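Summary of structural features
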Amino acid sequence: MGPQPRRVLLLGEGNFSFAAALSAAPGTHVVATCYESEGEAAGRGAAARSIRRLRDSGAEVVFSVDCTKLKEHFVPGKREFDRIYFNFPHCGRKAGVVKNRQLLAGFFHSCAEVLAQEGEVHVALCNGQGGTPADQPRREWHNSWQIVAVAAGAGFILSHVHPFKAETIEGYKCTGYRSQDKSFCVEGALNHIFTRSSAPQCFTPMSCHTQLGSQKVSFQVPQVLVDKINRGFLEVNSSHPVRTIKEKLSAGLGQAFPLQDISSCLPLLQQGHPSGVCHSNIFCIALSPGEAPGTGKTSQGLADAVLCSHFGQDTDGNGQEGCPAPEQFYLRPSLLPHAQAMIKDGAFSPGTLQVLSGPVFRKCRITPHSMPAFHEMLVVLAVSRGTEDSCVQMLVENIKTTTNSLHQGTSGVKPSISLQEPRFGTELSDFAAFERQLGEVQHFLCVGTEAESPGSCVGVIRAAPAELKSQELVVVSASLNLDLLAMQLCGISDWRMLWTWDRRFLRQFPEGELRLFRSFSLYPPSYVHDVSFWLPGGQDFDEVAFHTLARRVSGEMVVSIQLRDSFQQPGTGRRSLCYRVTFQSCDRALGSREAAEMQLHLREEMQQHLGVTLR
């Protein structure tokens, strides 16, 4: 048996000329419908001729079909349509934008019940009606049909949009102006193609099991990281861009240096507190009750903890204690302590490039380029004293050459790759600022056409601290943020897309190829919420904690948090802050009702966990 014909449903046909043209396409079974009765429809212009043509071709013609109740018109075995067309929907007469939004809302919810899983919904609208940036000129949002927001409420995302070219459709004539047998202007009209969104992920609390010395222990994964633990992006069978970039960089470096990859034995937990790092930037971990390790060695074997040498200090300079005690653990924010522990133990062979890679975890503000989890690639080289400058130069040139090759392979454009000297007083991205907390940085590695843009810093070059140097050897290292590098090379504007569960992302990178990414969710709707609150008396506000809470509550659906106003009450000295929180998804449908529920939940959680009083 050959392939089944594609089932196509057409709604709201006027004179059936579009359906008649489509019925001629091979491998297509057309079901053409209209809202009117057969008698009303047949009397409209050339409709009778088109209906005869459809029936002669084997198409189905169905009358009195309500586009908001499609399930009622088709028996269960004939409900799955591969494509649904609704050209120039309208409530009729002089219906305004609100009524037409309601029509579209009912239509999309109805489509969800009869569309195949991989199917498409095509909606053609006149110029300006949709309210997306594709409309030229673009109407104000409140005066449009808000099609992406309406579709999102039913679980659909806008995956393509292109001009509706009526002149290319043989025999097509648009009619139905204000419910009359009159044509209307379709110049500048757009065809909007919607697909099903991936379902919202429901993540239950998750425990991780690991080995500490001779003991097996478990810990609760922070809720904000549940979807980012054990994703396996760097594993051998992965085609994720971060793995492709890591492998390409390793291959390039292996041509210049003997290379050893020691990533498989890196522990997930670290103990104590990393020197110089602000406590609010790390994810503290409490081991499950009754599982605290003994006082024996805690740095041996797979998934053991690394003990940091400095802890319990006021490292962020704000007078606050509260940093983890020596026996407390936290998720690794960097692979650097692992490398430093190996250097101390003399585990590095001089002249051999050691490669460490894996996910690391940091609390940070919400921006398009600041991520609470990313994949770090750390390359470390021990060289003879006096040769370190030439070795750093060779290391950097090799990274630049490989990155140049990758960038030209994806975009065909030679990128700007540069080393930037650390300059105090300049605004740094969260990644660069945290790297500076970890220790002295010699150079920032920047990729892109705008070296000063927030996402351009993708790595740092540094030398080992003085206490790890010897008379004969100097250790140099390069730390690369593979996620930021993937964003720059593949044209990905939002880091969250790298962690999407939607299979359409990885389909764009078959067998580990790097390509320019094309978003499958265009112009996603955003929802703005302002929240004002009083701060607890005499306390500073931890903005990173606020951003981390918003990440957790929304499931990474908050795309921006901006301080709008700060007010101090005369007399009492009480301080009030006002923030604007913007909810938007990069990869799945987010409707207004779901966003409103997130807003309410965020307000409740702010009172409970941040100790603020809402205004």
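Residues numbered from 1 in each chain as written. Predicted model: local features only at pLDDT ≥ 70, side-chain atom pairs only at ≥ 80, totals over all residues. Heavy atoms only, no water.

Using the following cut-off: UniProt positions are given in the numbering used here, feature names are shortened, and annotations may be inferred rather than shown by experiment.
As annotated in an unreviewed UniProt entry, the chain carries the name phenylalanine--tRNA ligase and comes from Junco hyemalis. Turning to the chain, the UniProt record has this under Sequence similarities (unreviewed entry): "Belongs to the class-II aminoacyl-tRNA synthetase family." Within the UniProt record for the chain, the comment given under Subcellular location (unreviewed entry) is "Mitochondrion matrix".

**Some remarks on the overall build of the chain**
Note the cut-off: Secondary structure is summarised from DSSP: a helix means a run of H or I of at least four residues, a strand means a run of E of at least two, and numbering begins at the N terminus for each. Each residue gets one of three labels from its accessible area relative to the maximum for its type: buried under 20%, exposed over 50%, partly exposed in between, using a 1.4 Å probe on protein chains only. Pairs of residues are marked as contacts when any of their non-hydrogen atoms sit within 4.5 Å.
Looking only at helices and strands, one finds 13 helices and 24 strands in the chain. Counting only residues that meet the buried cut, the chain has 52% of its 615 residues in that class. Restricting to contacts in the chain with at least 6 residues of sequence separation, those with at least 24 account for 72%.

**Details of the packing of aromatic side chains**
Describing an aromatic ring pair means giving the distance of the ring centres and the angle of the ring planes. For the record, the criterion: Classification of ring pairs rests on two measures: the distance between centres of Phe, Tyr or Trp rings, Trp counted by its six-membered ring, which must be within 6.5 Å, and the angle between planes, read as stacked under 30 degrees, edge-to-face over 60 and tilted in between. Our definition puts a charge over a ring when NZ of Lys or CZ of Arg is within 6 Å of the ring centre and also within 35 degrees of the ring normal.
In this structure the tally under the stated criterion is 23 aromatic pairs. On the basis of an interplanar angle of 70 degrees and a centroid distance of 6.2 Å, the ring pair of phenylalanine 533 and phenylalanine 546 is categorised as edge-to-face. In this pair, phenylalanine 533 sits in strand β21 (residues 527-534) while phenylalanine 546 sits in helix α12 (residues 543-554), placing the two residues 13 residues apart along the sequence. Between phenylalanine 533 and tyrosine 579, the ring centres sit 6.0 Å apart and the planes meet at 5 degrees, which makes this aromatic pair stacked. With phenylalanine 533 in strand β21 and tyrosine 579 in strand β23 (residues 575-583), this pair connects stretches of sequence that are 46 residues apart. Using a relative accessible area of 0% as the deciding quantity, one classes phenylalanine 533 as buried. Tyrosine 579 gets classed as buried once you look at its relative accessible area, which sits at 3%. Following the ring pairs from residue to residue traces out a cluster consisting of Phe18, Tyr85, Phe88, Phe164 and Tyr172. Here arginine 574 stacks its cationic end above the ring of tryptophan 534, 4.4 Å away from the centre of that ring.

**Examining the sheet that holds β23**
For clarity, the threshold we go by: Strand pairing follows a simple DSSP-based rule, namely that at least 2 bridges must link the two strands. Only C-alpha atoms enter the line fits that serve as axes; for helices the fit covers just the stretch in contact. Angles between N-to-C directions range over 0 to 180 degrees.
Spatially, four strands are ordered β22-β23-β21-β24 in an open sheet, and the strand pairing comes out antiparallel. Both edges of this open sheet fall to β22 (558-568) and β24 (613-614), since each of them pairs with a single strand only. Docked against the sheet, α12 engages β21, β22 and β23, running at close to 140 degrees with respect to β22. Most of the contacts of helix α13 (residues 592-610) go to β21, to which it runs at about 15 degrees, and overall it touches β21, β23 and β24.

**Points about the packing of α12 against α13**
How two helices pack is summed up by the angle between their axes together with the distance between the axes. Convention followed: For classification purposes, angles smaller than 35 degrees are called roughly parallel, those larger than 145 roughly antiparallel, those between 65 and 115 roughly perpendicular, and all remaining angles oblique. The sense of a crossing depends on the near helix, which, turned anticlockwise from the far helix by less than a right angle, makes the crossing left-handed and, turned clockwise, makes it right-handed. Under the scheme applied here, ten amino acids are nonpolar (Ala, Val, Leu, Ile, Met, Phe, Trp, Tyr, Cys and Pro), four are charged (Asp, Glu, Lys and Arg), and all others, including Gly, are polar.
In the contact formed by α12 and α13, the axes pass within 10 Å of each other and the chain directions differ by 135 degrees. By the angle class used here, α12 and α13 are oblique. At the point where α12 passes α13, the crossing takes the right-handed sense. Contact residues: Ala545, Phe546, Leu549, Ala550, Arg552, Val553 and Ser554 in α12; Met598, His601, Leu602, Glu605, Met606, His609 and Leu610 in α13. When grouped by side-chain class, the residues that make up the contact of α12 with α13 number nine nonpolar, three polar and two charged.

**Considering helix α7 (residues 336-344)**
Within α7, the full set of buried residues consists of Leu336, Pro337, His338, Ala339, Met342 and Ile343. Where α7 ends, the next residue or the one after it, glycine 346, has phi of about 70 degrees, a positive value.

**So, unusual backbone geometry**
In this chain, glutamine 136 is followed by proline 137 through a cis amide linkage whose omega measures -5 degrees. Positionally, proline 137 belongs in the loop between β5 (115-125) and α5 (147-152). The phi torsion at phenylalanine 16 lies on the positive side, around 65 degrees, for a residue other than glycine. Take phenylalanine 16: it is sitting in the loop between β1 (6-11) and α1 (17-22). Taking relative accessible area as the criterion, phenylalanine 16 reaches 0% and is therefore assigned buried. In this model, serine 64 sits at a positive phi of 60 degrees, which is unusual for a non-glycine residue. Of note, serine 64 is situated in the loop between β3 (60-62) and β4 (81-87). A relative accessible area of 41% places serine 64 in the partly exposed class.

**Quick word on helix α10 (residues 482-490)**
Put simply, the rule reads: In the analysis that follows, any N or O atom pair within 3.5 Å is treated as a polar contact, provided that within protein one partner can donate a hydrogen and the other can accept it, and provided that, for residues neighboring in sequence, both atoms belong to side chains.
Counted residue by residue, α10 has eight buried out of nine residues, so it is predominantly covered. You can read the cap of α10 off the contacts: a side-chain oxygen lies 3.1 Å from the backbone nitrogen of aspartate 483, and it is on asparagine 481. Looking at the residues trailing α10, positive phi occurs at glycine 491, about 70 degrees.

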